[in-house]
Each structure stands twice: as structure tokens, then as C-alpha cells.
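So you can see what is in the structure, the chains are spelled out below.
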Amino acid sequence: MEQWTMVIAPLAGGLIIGLAAVGLLLLNGRIAGISNILAGLLTPQRGDGFWRLSFVLGLLAGGELLQVLYPQALNVSHPRSLGMVASAGLLVGFGARIGNGCTSGHGVCGLARRSRRSLAATATFMLSGIVTVYLTNHVL
Amino acid sequence: MKELSAFGCGFLFALGLGAAGMTQPAKIINFLDIAGNWDPSLLFVMGGAVTFGFICFPLVLRRPAPVLDDGFWLPEKKRIDFRLLSGATLFGVGWGLVGYCPGPALVSLVALTPSVWIFVIAMLAGLGSGRWFVR
């Protein structure tokens with residue numbers, strides 16, 4: 001059981017994520033970076049909005065299927081105040097916009113493209129995430 | 001067709017995130033908590049996704065064009081600058097505070113939990129306001 005949740009499921013999930021990213025590059029020629037796909041939707045250019053919207057709808061449809069087949073996957077309960085949740089959302093959105101990407105764009109696609117910028121970004125947000133969790137869990 | 005393929009890839013992406021445990025913020029926080037009850041599983045997620053992409057991306061990019069478009073849309077920036085690193089730093093702080101990054105947060109909207117909706121609305125506000133800083 002331990003091995004399943006710690007190694008096999010994450011590895012299989014990772015391969016599926018990789019497959020989806022390769023599929024979007026092969027078919028649409030696009031990078032599967034969620035924050036950039038969303039950012040483009042906020043200021044849609046002519047003819048550029050529909051594939052973005054479809055990708056987001058695909059994410060939501062996948063979420064629905066998870067909800068039906070494997071509801072534990074969407075276990076969202078976490079002991080954080082709503083103010084903290086809102087601040088975190090702002091930081092994630094703002095940071096991804098000025099840093100040109102998030103965990104998927106830099107962490108998956110960027111590393112797969114051997115981009116030095118993405119490697120720097122991934123190392124940076126991993127480190128600042130680790131420091132943040134250290135402070136919230138062990139210091140404050 | 002481009003819409004259909006994008007929908008399919010988004011759908012698959014969501015299933016991958018769910019199977020991998022990325023949609024469970026507690027797991028993300030435990031991964032980042034190297035001084036506590038460390039959960040290494042995110043390393044396997046990244047390992048699987050990046051290894052697969054690392055092998056397949058160059059093969060795909062050998063084609064003159066993707067299947068459904070006239071050319072590839074790839075980032076052109078090469079320089080590691082202050083904006084990239086400060087953005088990634090802020091992103092990591094938000095990620096560490098609640099354990100959501102953009103993809104898993106969107107997928108989790110269907111659970112209809114108020115906190116996820118608040119996160120996503122705030123995230124969209126952040127994405128939108130960041131626009132004034134990127135030009």
C-alpha cells in the first residue's frame with residue numbers, strides 16, 4: 001500500500017501528465033503550461049482563445065471523472081484560513097505571470113525542453129516552497 | 001480539431017494529476033516539508049513526467065510542424081533575469097502556503113469546496129494583475 005501511494009501511483013500519474021504534455025505539443029504545437037494557458041484566456045487574441053478554453057474544460061471534465069471514480073484524489077481539506085488561501089492564490093497567479101510559468105510550464109515542459117530558464121525557475125520555486133513550509137510548519 | 005485535441009490533452013492531464021496525488025494539497029505540503037514527515041512521491045511524479053517529456057519533446061520537435069498547426073509555439077526568452085526569479089520565488093511561497101499550483105486547483109474546482117474557488121479566483125486576479133508588470 002505504501003509503495004503504491006508513494007511510488008507506483010505517482011510514477012504512473014507522472015507518465016500520464018507527460019503523455020498529455022507531449023500530446024499537446026505534437027497535435028497543437030503548444031506548451032502545456034497551465035498558468036500561461038489561463039493567462040492567454042484572460043486577454044484573448046483573435047482565434048487563440050478556443051483551444052485554451054477547451055484545454056481548461058478538459059481539465060474540469062477530468063476532474064469530474066476523478067470525482068466519480070476516485071473521489072479521494074480531490075481531498076481538498078487542509079487546515080488553512082480563507083485569508084491565507086486567498087493570499088496564496090494571488091501569489092501563485094502573480095508569481096506565475098511575472099515568472100512566465102508554473103509547475104507544469106517550467107517544471108514539466110521546460111525541463112523536457114532542456115530550458116535553462118525553466119531549470120532556474122523550478123529550482124527557485126521548489127526552494128521558496130520548502131522555506132515557506134518550513135516557516136509555517138516549524139517556526140511560526 | 002485543435003479544440004478537440006486540446007480538450008483531450010486537458011482531460012488526460014487532469015487524470016494524471018489526480019492519479020499522481022498532485023490534487024491533494026496535504027501531499028504537496030508534505031513533499032515540501034523536508035524537516036517534517038517528508039513525502040517523496042512528488043519526485044516520482046516529476047520523474048515520470050519529465051523523463052517521458054525529455055525523451056519525446058525532441059522527437060516531436062524534429063517535425064517541421066505539429067499535426068494541427070503551421071508551426072510550434074515555443075517560448076523565445078533565453079535569459080535568466082530578475083523577473084523570472086522573483087516570479088518563481090513568489091509562486092513558491094503561494095504554493096507552499098496552501099499546497100495548490102494552477103493545474104490541480106482548476107481540476108479540484110469540481111469538488112465545489114469554497115476554499116478552492118477562493119484560491120482560483122485569487123489566482124486569476126494575480127495572473128491578470130501580473131500583466132501590468134510584464135511589459
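Refer to the structure above for everything that follows.
What counts, and where the lines are drawn
- Residues numbered from 1 in each chain as written.
- Chains lettered and ligands numbered in written order.
- Predicted model: local features only at pLDDT ≥ 70, side-chain atom pairs only at ≥ 80, totals over all residues.
- Helix = DSSP H or I, 4+ residues; strand = E, 2+ residues; numbered from the N terminus.
- Contact = placed C-beta atoms within 7 Å.
- Buried ≥ 20, exposed ≤ 12 C-beta atoms within 10 Å, placed from the backbone.
- Axes fitted to C-alpha atoms, helices over the stretch in contact; angles between N-to-C directions.
- Parallel < 35°, antiparallel > 145°, perpendicular 65-115°, else oblique.
- Left-handed = near helix turned anticlockwise from the far one by under 90°.
- Nonpolar A, V, L, I, M, F, W, Y, C, P; charged D, E, K, R; others polar.
- Expected span 1.5 Å × (residues − 1).
- Core = buried A, V, L, I, M, F, W, Y, C linked by C-beta atoms within 7 Å.

Asks: I'm lost on the overall build of chain B in this one. Help?
Replies: Looking only at helices and strands, chain B features six helices and zero strands. In terms of principal-axis extent, the alpha carbons of chain B reach across some 45 × 35 × 30 Å. Taking contacts inside chain B between residues at least 6 apart in sequence as the whole, the part at least 24 apart equals 42%.

Asks: Can you help me understand the overall build of chain A in this one?
Replies: Scanning chain A from terminus to terminus reveals six helices and zero strands. Going from the N terminus to the C terminus, chain A shows its helices and strands as α-α-α-α-α-α. If one aligns the C-alpha atoms of chain A with their principal axes, the spans along those axes are about 50 × 35 × 30 Å. Counting across all 140 residues of chain A, residues that qualify as buried make up 56%.

Asks: What is the right way to read the environment of Gln24(B) from this model?
Replies: Take Gln24(B): it is sitting in the loop between α1 (2-20) and α2 (25-32). Note on Gln24(B): 24 C-beta atoms within 10 Å, which makes it buried. For the pair Gln24(B) and Ser129(B), spaced 105 residues apart in sequence, the C-alpha separation works out to 27 Å. When residues no more than four places from it in sequence are discounted, the contact partners of Gln24(B) are Ala73(A) and Asn75(A).

Asks: Can you walk me through the packing of helix α1 (residues 2-28) of chain A against helix α3 (residues 41-61) of chain B in this structure?
Replies: Describing two packed helices takes the angle between their axes plus the distance from one axis to the other. Closest axis-to-axis distance for the α1(A)/α3(B) pair is 7 Å, and the angle between their directions is 30 degrees. For the element pair α1(A) / α3(B), the angle class is roughly parallel. Classified by chirality, the crossing of α3(B) by α1(A) is right-handed. Looking at side-chain class alone, the contact of α1(A) with α3(B) contains 20 nonpolar, eight polar and no charged residues.

Asks: Explanation requested: the interface of chain B and chain A in the structure shown.
Replies: A common measure of how large an interface is: the accessible area buried when the components associate. On the chain A side, the residues contacting the 103 residues of chain B number 100 residues. Those elements that provide at least two residues to the side of chain B that touches chain A are α1, α2, α3, α4 (82-98), α5 (102-108) and α6 (114-130) of chain B. For the side of chain B that touches chain A, the element with the most residues is α1(B), which contributes 18 residues. In the side of chain B that touches chain A, the residues fall into 66 nonpolar, 29 polar and eight charged.

Asks: It is not clear to me how the packing of helix α5 (residues 103-112) of chain A against α3(B) should be interpreted in this structure. Could you clarify?
Replies: With their axes 7 Å apart at the nearest point, α5(A) and α3(B) run at an angle of 35 degrees to one another. The crossing of α5(A) and α3(B) is right-handed. Facing α5(A), whose interface residues are Gly107(A), Val108(A), Cys109(A), Leu111(A) and Ala112(A), α3(B) presents Met46(B), Ala49(B), Val50(B), Gly53(B), Phe54(B) and Phe57(B).

Asks: Can you help me understand the environment of Leu61(B) in this one?
Replies: All names here are of chain B. Mapped onto the elements of the fold, Leu 61 is located in helix α3. A tally of 15 C-beta atoms within 10 Å means that Leu 61 is categorised as partly exposed. Separated by ten residues in sequence, Leu 61 and Gly 71 place their C-alpha atoms 10.0 Å apart.

Asks: What is the right way to look at the environment of Ala14(B) in this model?
Replies: Residue and element names in this part refer to chain B. The residue Ala 14 is located in helix α1 in this model. For Ala 14, a count of 31 C-beta atoms within 10 Å corresponds to the buried category. When the C-alpha positions of Ala 14 and Leu 97 are compared, they lie 22 Å apart, and in sequence the two are 83 residues distant.

Asks: Would you mind showing me how to read helix α4 (residues 82-98) of chain A here?
Replies: Three- or four-residue spacings in an α-helix give side chains the same orientation, since the helix completes a turn every 3.6 residues. Between its terminal C-alpha atoms α4(A) stretches 24 Å, which fits the 24 Å expected from 17 residues at 1.5 Å a residue. Of all 17 residues in α4(A), twelve are buried, a share of seventy percent or more. Contact partners of the buried residues in α4(A): α2 (34-42) of chain A together with α4, α5 and α6 of chain B. With its phi angle positive at about 60 degrees, Asn100(A) sits one or two positions after the end of α4(A).

Asks: Sorry if this is basic, but what is going on with the nonpolar core here?
Replies: Inside soluble globular proteins, nonpolar side chains tend to come together where they are buried. Core analysis: the biggest nonpolar cluster contains 87 residues, and Ile17(A), Ala20(A), Ala21(A), Val92(A), Phe13(B), Phe91(B) and Phe119(B) have the highest contact counts within it. When residues of this core are assigned to their parent elements, the largest contribution, twelve residues, is made by α1(A). When neighbours within four sequence positions are excluded, Ala21(A) is seen to be in contact with Ala32(A), Val108(A), Cys109(A), Ala49(B) and Gly53(B).

Asks: What exactly am I supposed to notice about α2(A) here?
Replies: Inspection of α2(A) places Ile34(A), Ser35(A), Asn36(A), Ile37(A), Leu38(A) and Ala39(A) among the buried residues, and these make up the whole buried set. Contacts from the buried residues of α2(A) go to α3 (49-69), α4 and α5 of chain A together with α5 and α6 of chain B.

That's the geometry; what it means functionally is another story.
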